[in-house]
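# Descriptive analysis of the structure
Each chain, letter by letter, is given below.
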Amino acid sequence: MFHLDGSEMYRRKASTHTALPAYHAYTCDRVEQNEAFQMAWYTQPPEKTRFFYMLGDAEQSQNSLFQRLGYELGGHLLGWEQGNFDPGVQIRFMGLKPQVSANPVLYHINVVRELLAKFIPQVNAMQPIQQRKLTDVLSSNHLQGLGSNDFVFILLTIDDYNWNEHATPAVVRSLVEGFCNCPMPDASPTFFFFFGIEYRKENQTVRQQAQHAIENRAKGEALPELAPVSADFLAEWFSRYRVLVPAGKTPDETARIVFGDIASMDMLDVETRLQQIIEDHNKGLVIRAK
């Protein structure tokens, strides 16, 4: 474990450090997923609507990966040492977790209604819901000011509680082939849909069913399955954020100070600790070994 020294001397020293945005805590590991995402973006023909599938247990924090990929692609992880947090690319992050239904038709309606409601408050005036398309959200106030180089990231969380072996894959397919199957204006931002399927560690049945559904997806890219973060990646993270490494310590030693002598750790725990370290750094506190 670790504790923090908040003495005035350390505060004055740390005050010269550039603040580090909290979302940099999301950049630990996830190399395979990040590479697969970027390769899809840089090597495939440009499309205004893109689809990605994530799978992992509930402790691997899919929401943070979803945001990390957006910040990565938008250039928001660059230039922080100079205090430059504005790369000129706007991103809107939106997440939803719809009510489950064993009836694919009702399930689809619930998903589309909740998705539209993220953009348009008067969603009940948009009947019939089944005939709505993604283009209907382009007039939303939430998207005002976004142009062709900007991004909209949408995460649909599917877990043990709203997973149905037959209905859920059918609804995802209907979104891809129905709701999102429409020509988007050249001036519109690019929409990224992430279908985040997560399961409790002990629920291997949902994991296996989800793997099968992803293998038979209609369109889009499947990112590598999420797993706990290894100790090597914890040290690698500190090697990139040297301002967080105490004087006289190596990245490996700092990782052991923070996380102890472990082989791996769930991402949810990793990012919680890293966010605290970033917050303390931004306040002028520094890590000190016991």
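### Observations concerning the overall build of the protein chain
Helix and strand counts for the protein chain stand at nine helices and nine strands. Radius of gyration (C-alpha) of the protein chain: 21 Å, near the 19 Å computed for a compact globule of 290 residues. In terms of principal-axis extent, the alpha carbons of the protein chain reach across some 65 × 45 × 35 Å. Taken across its 290 residues, the protein chain has 48% of its residues classed as buried. For the protein chain, contacts bridging at least 24 residues in sequence account for 78% of all contacts bridging at least 6. For the protein chain, the computed accessible surface area is about 13,800 Å², with 49% contributed by carbon and sulfur atoms. Put simply, the protein chain has 27 plus and 34 minus side-chain charges, and the middle of one group is 4 Å from the middle of the other.

### Focus: the pairing of strand β5 (residues 190–199)
Counting buried positions along β5 yields 10 of 10 residues, so the element is predominantly enclosed. Judged from the nine bridges that link them, strand β2 (residues 49–57) and β5 form a sheet pairing that is parallel. Residue pairing in the sheet places G56 in a bridge with E198 of β5. As paired strands, strand β4 (residues 151–158) and β5 are joined by eight bridges and run parallel to one another. Within β5, the residue paired with L155 across the bridge is F194. Between the parallel elements β4 and β5, the chain passes through helix α5 (residues 167–179) in a crossover that is right-handed.

### Overview of the nonpolar core
Of all hydrophobic cores here, the largest spans 43 residues; its most connected members are F119, L134, F191, F193 and F195. Within the residue set of this core, elements represented by two or more residues are β2, β3 (91–96), α4 (104–117), β4, α5, β5 and α6 (204–215).

### Examining the pattern of salt bridges
Should their charged atoms come close, side chains of opposite charge can pair. One pass over the full model with this rule turns up 12 salt bridges. Put simply, E72 and R68 hold a salt bridge, and the shortest N to O gap is 3.2 Å. Placement of both E72 and R68 in helix α3 (residues 62–74) is noted, with a separation of four residues, approximately one turn of the helix.

### Focus: unusual backbone geometry
Residue P128 is reached from Q127 by a cis peptide bond, and omega for that bond is -5 degrees. Phi at R30 takes a positive value of approximately 55 degrees, unusual for a residue other than glycine. Among the residues examined, R30 registers a relative accessible area of 2% and is labelled buried. Even without glycine at this site, S61 takes up a positive phi of about 55 degrees. The class for S61 is buried, based on a relative accessible area of 11%.

### Structural notes on the sheet that holds strand β6 (residues 221–222)
In spatial order, the strands read β3-β4-β5-β2-β6; together these five strands make up an open sheet with parallel pairing. The open sheet has two edge strands, β3 and β6, and neither has a second partner.

### Points about helix α7 (residues 231–240)
All of the buried residues in α7 are L234, A235, W237 and F238. Projected down its long axis, α7 carries its buried residues within an arc of 150 degrees, all on one side. Against the buried residues of α7 lie β7 (229–230), α8 (251–259) and α9 (267–283).

### Details of the packing of α7 against α8
Between α7 and α8, the least distance of the axes is 8 Å, while the angle of their chain directions is 120 degrees. Crossing handedness for the pair α7 and α8: right-handed. Residues L234, A235, F238 and S239 of α7 form the contact with α8, whose participating residues are P251, D252, T254, A255, V258 and F259. Classifying every residue of the contact of α7 with α8 gives seven nonpolar, two polar and one charged.

### Things to note about the confidence of the model for the protein chain
Confidence along the protein chain averages 90 in pLDDT terms, with 92% of residues attaining 70 or more. The lowest-confidence element of the protein chain is strand β1 (residues 3–5), averaging 44 in pLDDT; the highest-confidence one is β2, averaging 98. Note on residues 1–15: pLDDT is under 50 here. Beyond four places in sequence and across chains, it has 31 contacts.

### Some thoughts on α3
Across its 13 residues, α3 extends 18 Å between first and last C-alpha, which sits within 8% of the 18 Å expected from 1.5 Å per residue. Along α3, 11 of the 13 residues are buried, which leaves the element largely enclosed by surrounding structure. The elements touched by buried residues of α3 are α2 (31–43), β2, β3, β4, β5 and α9. G75, located one to two residues past α3, shows a positive phi value of around 80 degrees.

Conventions adopted
Each chain has its residues counted from 1, following the order in which its sequence is written. Per-residue local features are limited, in this predicted model, to residues with pLDDT of at least 70; the limit for side-chain atom pairs, both in listing and counting, is 80 or more; totals at the level of whole chains, interfaces and linings are taken over all residues. Only hydrogens and water are set aside; all other atoms, that is, all heavy atoms of the structure, feed into the side-chain values. The helix and strand labels rest on DSSP assignments: H or I over at least four residues marks a helix, E over at least two residues marks a strand, and numbering proceeds from the N terminus. What the globule rule says is 2.2 Å times the number of residues to the power 0.38, and the radius of gyration is computed from C-alpha atoms. Throughout this description, buried means an accessible area under 20% of the type-specific maximum (1.4 Å probe, protein chains only), exposed means over 50%, and partly exposed covers the range between. In this description, contact between two residues means that some pair of their heavy atoms is separated by no more than 4.5 Å. All accessible-area figures derive from a Shrake-Rupley calculation using a 1.4 Å probe, and residue coverage is judged against the displayed protein chains alone. Positive charges are assigned to Lys and Arg, negative charges to Asp and Glu, while His and the chain termini are left out of the count. Where a charge sits is defined by one atom per residue type, namely NZ (Lys), CZ (Arg), CG (Asp) or CD (Glu). For two strands to pair, DSSP has to find at least two bridges joining them. Looking down the strands as they point away from the viewer, one classifies a crossover as right-handed if the path from the first strand across the helix to the second runs clockwise. We call a set of buried Ala, Val, Leu, Ile, Met, Phe, Trp, Tyr and Cys residues a nonpolar core when their side-chain atoms join them within 4.5 Å. Here a salt bridge means any side-chain nitrogen of Lys or Arg lying within 4 Å of a carboxyl oxygen belonging to Asp or Glu. The arc in question is the one traced by the directions running from the helix axis out to the C-beta atoms. Axis lines are fitted to C-alpha atoms, over the contacting stretch for helices. Their N-to-C directions set the angle, which ranges from 0 to 180 degrees. Handedness of a crossing is defined here by the sense of rotation of the near helix relative to the far one, left-handed for an anticlockwise turn of less than a right angle and right-handed for a clockwise turn. Note on residue classes: Ala, Val, Leu, Ile, Met, Phe, Trp, Tyr, Cys and Pro are nonpolar, Asp, Glu, Lys and Arg are charged, and everything else, Gly too, is polar. The quantity called pLDDT is the predictor's confidence in a given residue, expressed from 0 to 100. In this analysis, the expected span of each helix is defined as 1.5 Å times one less than the number of residues it contains.

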